[in-house]
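Residues per chain, in single letters:
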Amino acid sequence: LCIAGSMRVAIILPWVGGAMPPHLSFTCHTMIGGLGTATLLLFHEVTQKQSVPEACLARSNIEVKELQDGGIAALHVRRIAEATGSLSRVWNVDMQLKLERLLQIAPALLSEFKPSWGWVFGEYLYEYSHWTYTDVDIVFGRLDDWLGGVEFDRYDIQTWSFLGDAGRLFLRGQWALHKNEQRINLLWLNCGHLNEDLRINIEAKLQFYQDMLESKNSHRLKLLYRKRMTTAALPLDESGLHECSVHTGRFISAEGCYSCVVISSSLAAALDLRVRISPLVLSDHSDVPVFWFRGSLVRCINHWNSKRGTCGEALRAWKHIRANYTMRAYRSPETPINAVFKRAIVIHDCFNMRWICRSARRAALHALVDKLELGGQFEPLGQEKTVLLRPGKELLPKATLVMTPMIKPSVSIQIIEAPLFHFRKWVDYGRWHPTSLDKNMPPVIFSVKSSGFVCLQRHRT
């Protein structure tokens with residue numbers, strides 16, 4: 001593994017299915033902000049070779065790994081078999097063919113395996129102290145400003161949430177930073193759908209998607225399938241036989257069972273796992289554009305002193321001050337000396353976590369402000385509250401809220417800087433226009449809007 005005392009992060013991103021999306025070129029371009037701490041490991045198969053963006057091949061902290069067609073499915077099956085002891089050659093060949101077919105029909109299902117990637121891709125991770133999974137719908141900021149520091153080794157897993165969303169206690173699929181240690185990398189074994197029920201999981205989904213392809217009424221089939229699987233899942237959940245049980249017949253969020261294992265299981269208590277949830281991701285739930293300025297990822301915050309001027313004025317003021325700002329970042333990974341700590345109440349509730357409840361009901365946890373006068377109502381934790389978690393009694397974690405006010409050079413600046421922006425909803429539901437980065441004139445300044453990327457200033461090569 002990596003030399004003790006230094007932080008090197010592997011960002012794991014495998015791709016299966018069709019051609020890589022054009023916007024991946026911007027994801028790769030923005031990896032420049034992590035030159036000192038992070039490397040993107042982009043895995044693809046021979047079929048996708050021609051669609052690998054030039055920007056991904058040009059950046060020094062991106063390693064593009066080409067596998068044979070079907071190689072990603074084969075690697076998953078082989079490594080999972082090694083961990084579970086399912087080393088029968090017949091089992092391996094059968095499962096490889098079925099998983100390969102499933103990922104051809106429904107490539108998005110690869111995300112179910114995210115918790116296992118520290119083990120599955122372990123042979124590529126020897127030089128890294130930490131690893132995380134991520135998505136292709138990502139723009140990075142100055143990762144070097146948020147990674148490392150004196151606290152980088154204090155937590156076993158650190159996940160980044162949207163601003164104001166750290167109170168929902170689950171591991172985010174865009175970023176969950178794991179220590180690269182075997183005890184951490186094998187936590188996924190406690191999710192049956194990736195272990196003893198893997199065959200059932202793959203075969204049920206393969207049958208469903210094959211039926212979808214052949215059905216004349218795929219919408220009705222999908223509704224019937226969902227009802228059947230939900231009905232079958234209820235007795236499993238109510239039986240209490242598994243703390244983090246899921247039903248393998250439906251899509252299983254990578255954030256469901258695994259979050260339960262890491263945050264609220266008896267195993268988490270036995271290992272005394274330390275988890276941190278930090279609100280560091282700019283959300284696509286707002287239509288407010290995001291700007292990338294020579295590595296810095298920023299957005300205007302309308303409700304901050306909104307009467308003092310426009311977003312353009314705030315950006316100009318921010319650029320002037322940022323150019324002369326000597327601190328590492330607007331938000332540091334270290335807990336500031338003026339931080340305020342407060343105990344929180346942790347409860348089970350599916351409110352605003354329905355997709356997790358559908359796959360692993362016991363993973364739906366919330367941290368609430370400990371105020372008796374709330375009358376049981378949810379209170380937003382606020383944009384700047386970080387949540388620290390340790391195992392507690394009755395499998396509910398102990399939660400501590402940390403107020404870490406954003407460090408900003410002037411209260412008049414209406415700008416927030418972040419290390420990550422996720423724009424998946426804009427791609428799926430907005431007026432998105434696919435755009436590729438121009439390799440001959442890469443942007444030094446661009447914006448991301450709900451309609452796509454807009455280059456504002458280019459640098460000629």
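Just above, that's the structure.
Model, not experiment: these values are computed from the prediction.

(A) Highlighting the nonpolar core. Judged by nonpolar contacts, the single largest core of 73 residues is most densely connected at Trp117, Tyr258 and Val262. If you look at the next biggest cluster of nonpolar residues, it comprises 47 residues, including Leu13, Met20, Val136 and Trp175.

(B) Molecular detail of helix H4 (residues 89-105). Taking 1.5 Å per residue, 17 residues should reach 24 Å; H4 reaches 25 Å between its end C-alpha atoms and fits that length. Here H4 has its buried residues at Trp91, Asn92, Met95, Leu99, Leu102, Leu103 and Ile105. Down the axis of H4, the smallest arc covering the buried residues is 165°, so these residues share one side. Facing away from the buried side of H4 by over 90 degrees, the exposed positions are Arg89, Val90, Leu97 and Gln104. The secondary structure elements touched by the buried residues of H4 are helix H3 (71-84) and helix H8 (198-214).

(C) View of the packing of aromatic side chains. According to the stated counting rule, one finds 18 aromatic pairs in the structure shown. With 5.2 Å between their ring centres and 75° between their planes, Phe26 and Phe446 make a pair best called edge-to-face. Of this pair, Phe26 sits in helix H1 (residues 24-29) while Phe446 sits in strand S17 (residues 443-449), placing them 420 residues apart in sequence. In this structure Phe26 comes out as buried when scored by relative accessible area, which is 1%. Residue Phe446 is classed as buried on the basis of its relative accessible area, which comes to 0%. Ring centres 5.5 Å apart and planes at 90° place the aromatic pair Phe423 and Phe453 in the edge-to-face group. Of this pair, Phe423 sits in the loop between strand S16 (420-422) and helix H14 (424-429) while Phe453 sits in strand S18 (residues 452-458), placing them 30 residues apart in sequence. Exposure class is identical for Phe423 and Phe453. Each is buried.

(D) Quick peek at the sheet that holds S18. In spatial order, the strands read S15-S10-S9-S17-S18; together these 5 strands make up an open sheet with antiparallel pairing. What marks the edges here is a single partner per strand, and that holds for strand S15 (415-418) and S18. Pairwise comparison of adjacent strand axes, ignoring direction, gives a mean angle of 25° for this sheet. Sheet analysis places strand S9 (residues 290-293) next to S17, joined by 4 bridges and oriented antiparallel. The residue of S17 that forms the bridge with Trp292 is Phe446.

Reading guide: rules and limits
- Starting afresh in each chain, residues are numbered from 1 along the sequence in its written order.
- Given that this is a predicted model, residues contribute local features only at a pLDDT of at least 70 and side-chain atom pairs are listed and counted only at 80 or more, while totals for whole chains, interfaces and linings are drawn from all residues.
- Each side-chain value is derived from all of the structure's non-hydrogen atoms; neither hydrogens nor water enter the calculation.
- To form a nonpolar core, buried Ala, Val, Leu, Ile, Met, Phe, Trp, Tyr and Cys residues must be joined to one another through side-chain atoms within 4.5 Å.
- Working definition: with a 1.4 Å probe on protein chains only, accessible area under 20% of the residue-type maximum means buried, over 50% means exposed, and in between means partly exposed.
- Runs of H or I in DSSP of at least four residues are treated as helices and runs of E of at least two as strands, each being numbered from the N terminus.
- Expected span, for any helix, means 1.5 Å times one less than how many residues it has.
- The directions considered for the arc are those from the helix axis to the C-beta atoms.
- Contact criterion: two residues are considered in contact whenever any of their non-hydrogen atoms come within 4.5 Å of each other.
- Two rings from Phe, Tyr or Trp (for Trp, the six-membered ring) form a pair when their centres sit within 6.5 Å of each other. Planes less than 30 degrees apart are called stacked, planes more than 60 degrees apart edge-to-face, and all others tilted.
- Note on pairing: DSSP must find at least two bridges between two strands before they are called paired.
- All axes here are fitted lines through C-alpha atoms, helices being fitted over the stretch that makes contact, and every angle between N-to-C directions spans 0 to 180 degrees.

In short, geometric facts, not functional conclusions.
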